[in-house]
Amino acid sequence: MSSGLYCFNSLGANRLRDRKIPIHPQPFENELLSSWFCRMSVKNLSTPSTFFGLHLRDFKAVFSADLDWPNGEFVSAMSEKVGFSKSKILFMTLKSYEGYLFESQNRFSSSKPFINPVNFRGGSNRNYGLRYCPYCLREKEYFRKEWRLTFSTVCPKHKVFLLDRCPECGKPITLQKWRSDKVNFHCWNCGFEFRNAESDKVPKESKGVEAVSKLYEILDKGYFEFEGRVYYSISYFKVLAHFVKMVYNLSVRSWNLLKKEENIIGVNLSNQAKGVVYYKVPLKEQYVLFSVVVDILSSRENIERFIAVNNLKKAYLTRDFVDYPFWYKEFVDKYTGESYSPILLEVENALKYMDRKGIKRTWDNLREILGVWVEAKKRKDIKRVLNSVKN
Ligand SMILES: [Zn+2]
Ligand SMILES: [Zn+2]
């Protein structure tokens, strides 16, 4: 194969378009579709983009978006091409997490919890949305589906941090952008082969590896146990997403393990967290964040303690939920009687404080300062004072 992979011209494309793909390897355990497609292309002596053009050129839009979030027609076409069942193809995509990790939906939305967007533009990924463990690659060279998940910050098997970019040149990883002289996964920009990378060990005293293993386990099984009862995994991840937001974006951070993990790992959760979505956060911060939130959600005792030490009101526990999962409702209902509506004087004092500190007068900022949820529609009086900016 040293002579390189073929680059067919359009004559070849017309001949192959309606044919089945002769050599199609079986997917490895939890293999990502883009990874499998690249391996298949190379086995057929072609680069992924050429190979895609030859066999699937009606689906160019899929190739130039997120190959691991394809549409249903593509899945059907792929299944025809290689003779695998549709469900086998679908299982390699990130859509296979629907109903387990998040609610099903038609379009990929960047606000989808726990999936890192890759932002594929102009032929390569712009975001650091795909990660890998080089030691896993050395054992078996393929990219695992879970390496697109936000909470995948370490490899539980090798106990190292995952890498989210080329260690040589720093570019985001784009599997399908392939050099014709390569047979192993590599960086399109500098040619570095990812299997040759080294990665930092996670300190032994940190609890984060355990947290990631636990999340994988829940996702794998499709359910979790809490207080001796079994619930669907999705109801865990919904609450997890909410707690991540509380800790990260709303700075609800009184929790022992947080300081401890920050010291062990040597990073601090940033304070300008408002508005930043947690998947854009540097990997080691995500690691600390998920270690902490998994710890909080690990028992009734911990959840209650978290609520108590942070003096959380119902509004904080329920905002953003359309309906909250049954197992979680129990905690929230305890606080039902506690919600109160601030009087105008309290609001005015809060606004004065905000002005002094240079905090922008917005509903969200006000709610945060007051520590309660105030409904904009129901409080015309607040709306009036909120908009009258004093100099
Ligand atoms: Zn590994
Ligand atoms: Zn590189």
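Residues numbered from 1 in each chain as written. Chains lettered and ligands numbered in written order. Predicted model: local features only at pLDDT ≥ 70, side-chain atom pairs only at ≥ 80, totals over all residues.

Asks: Please give an account of the overall build of the chain that cites residues and values.
Replies: Helix and strand content of the chain: 17 helices and 6 strands. Looking at the chain residue by residue over its 391 residues, the buried ones come to 37%. The contacts of the chain with a sequence gap of at least 6 include a subset with a gap of at least 24, amounting to 63%. (Helix = DSSP H or I, 4+ residues; strand = E, 2+ residues; numbered from the N terminus. Buried ≥ 20, exposed ≤ 12 C-beta atoms within 10 Å, placed from the backbone. Contact = placed C-beta atoms within 7 Å.)

Asks: So what's going on with the nonpolar core? Residues and values would help.
Replies: In terms of nonpolar packing, the biggest core is built from 87 residues, with Leu 240, Phe 243, Val 244, Val 247, Leu 289 and Val 293 touching the most fellow members. Of the domains in this structure, domain 1 (10-196) and domain 2 (208-338) are the two that each give at least three residues to this core. Not counting the four nearest positions on each side in its chain, Val 244 is found in contact with Tyr 278, Leu 289 and Val 293. (Core = buried A, V, L, I, M, F, W, Y, C linked by C-beta atoms within 7 Å. Domains from an automatic or database assignment.)

Asks: Which residues make up the packing of helix α15 (residues 344-357) against helix α17 (residues 380-387), and what values go with them?
Replies: Two numbers describe how α15 lies on α17: the axes approach to 10 Å, and their chain directions differ by 25°. Judged by the angle between their axes, α15 and α17 are roughly parallel. When you trace α15 past α17, the crossing you get is right-handed. Contact residues: α15 offers Leu 344, Val 347, Glu 348 and Leu 351, while α17 offers Asp 381, Ile 382 and Val 385. Partitioned by chemical class, the residues of the contact of α15 with α17 number 5 nonpolar, no polar and 2 charged. (Axes fitted to C-alpha atoms, helices over the stretch in contact; angles between N-to-C directions. Parallel < 35°, antiparallel > 145°, perpendicular 65-115°, else oblique. Left-handed = near helix turned anticlockwise from the far one by under 90°. Nonpolar A, V, L, I, M, F, W, Y, C, P; charged D, E, K, R; others polar.)

Asks: Explain the pairing of strand β5 (residues 223-226) to me, and be specific about the residues and the numbers.
Replies: Summarising the sheet, β5 and strand β6 (residues 229-232) pair through 4 bridges and their orientation is antiparallel. Note that in β6 the partner of Tyr 223 across the bridge is Tyr 232. Linkage of β5 to β6, two consecutive antiparallel strands, is achieved through a turn of 2 residues, within which Glu 227 is found at a positive phi near 50°. (Pairing = 2+ DSSP bridges.)

Asks: Now, about unusual backbone geometry: what can you tell me, with residues and values included?
Replies: For residues that are not glycine, phi is negative in most cases, and the peptide bond is trans in most cases. We note that Leu 45 has phi near 55°; this positive angle belongs to a residue other than glycine. Its location among the elements puts Leu 45 in the loop between α2 (33-43) and α3 (48-55). On the basis of neighbour count, Leu 45 is assigned to the partly exposed category, with 16 C-beta atoms found within 10 Å. Phi angles above zero are rare outside glycine, and Glu 227 is one such case at about 50°.

Asks: Describe the packing of helix α10 (residues 256-265) against helix α11 (residues 283-296), listing the residues and the values that go with them.
Replies: Packing of α10 against α11 leaves a shortest axis separation of 10 Å and a crossing angle of 150°. Here α11 runs roughly antiparallel to α10, going by the angle between their axes. For α10 against α11, the interelement crossing comes out right-handed. Seen from α10, the contacting residues are Leu 257, Leu 258, Glu 261, Glu 262 and Ile 265; seen from α11, they are Lys 284, Tyr 287, Val 288, Ser 291, Val 292 and Asp 295.

Asks: Break down the environment of Lys 20 for me, citing the residues and quoting the values.
Replies: Positionally, Lys 20 belongs in the loop between α1 (10-16) and α2. Sequence spacing of Lys 20 and Glu 80 is 60 residues, and the spatial spacing of their C-alpha atoms is 7.3 Å. Apart from residues lying up to four places away in sequence, Lys 20 is in contact with Lys 81 and Gly 83.

Asks: Lay out the environment of Leu 370 with the relevant residues and their values.
Replies: Its location among the elements puts Leu 370 in helix α16 (residues 363-370). Among the residues examined, Leu 370 registers 18 C-beta atoms within 10 Å and is labelled partly exposed. With 28 residues separating them in the primary sequence, Leu 370 and Pro 342 have C-alpha atoms 7.9 Å apart. Excluding its chain neighbours within four sequence positions, the residues that come into contact with Leu 370 are Pro 342, Glu 346 and Ala 350.

Asks: Lay out the environment of Leu 317 in plain terms, naming residues and giving numbers.
Replies: Structurally, the position occupied by Leu 317 is in helix α13 (residues 314-318). The spatial distance from the C-alpha of Leu 317 to the C-alpha of Ile 307 is 8.7 Å, given a sequence separation of 10 residues. When residues no more than four places from it in sequence are discounted, the contact partners of Leu 317 are Leu 312, Val 332 and Tyr 335.

Asks: An account of α15 is requested, with residue identities and associated values reported.
Replies: Relative to the 20 Å expected for 14 residues at 1.5 Å per residue, α15 spans 20 Å between its end C-alpha atoms, a close match to the ideal helical length. Phi turns positive one or two residues past the end of α15, at Gly 358, with a value near 70°. (Expected span 1.5 Å × (residues − 1).)

Purely geometric stuff here, so don't read any function into it on its own.
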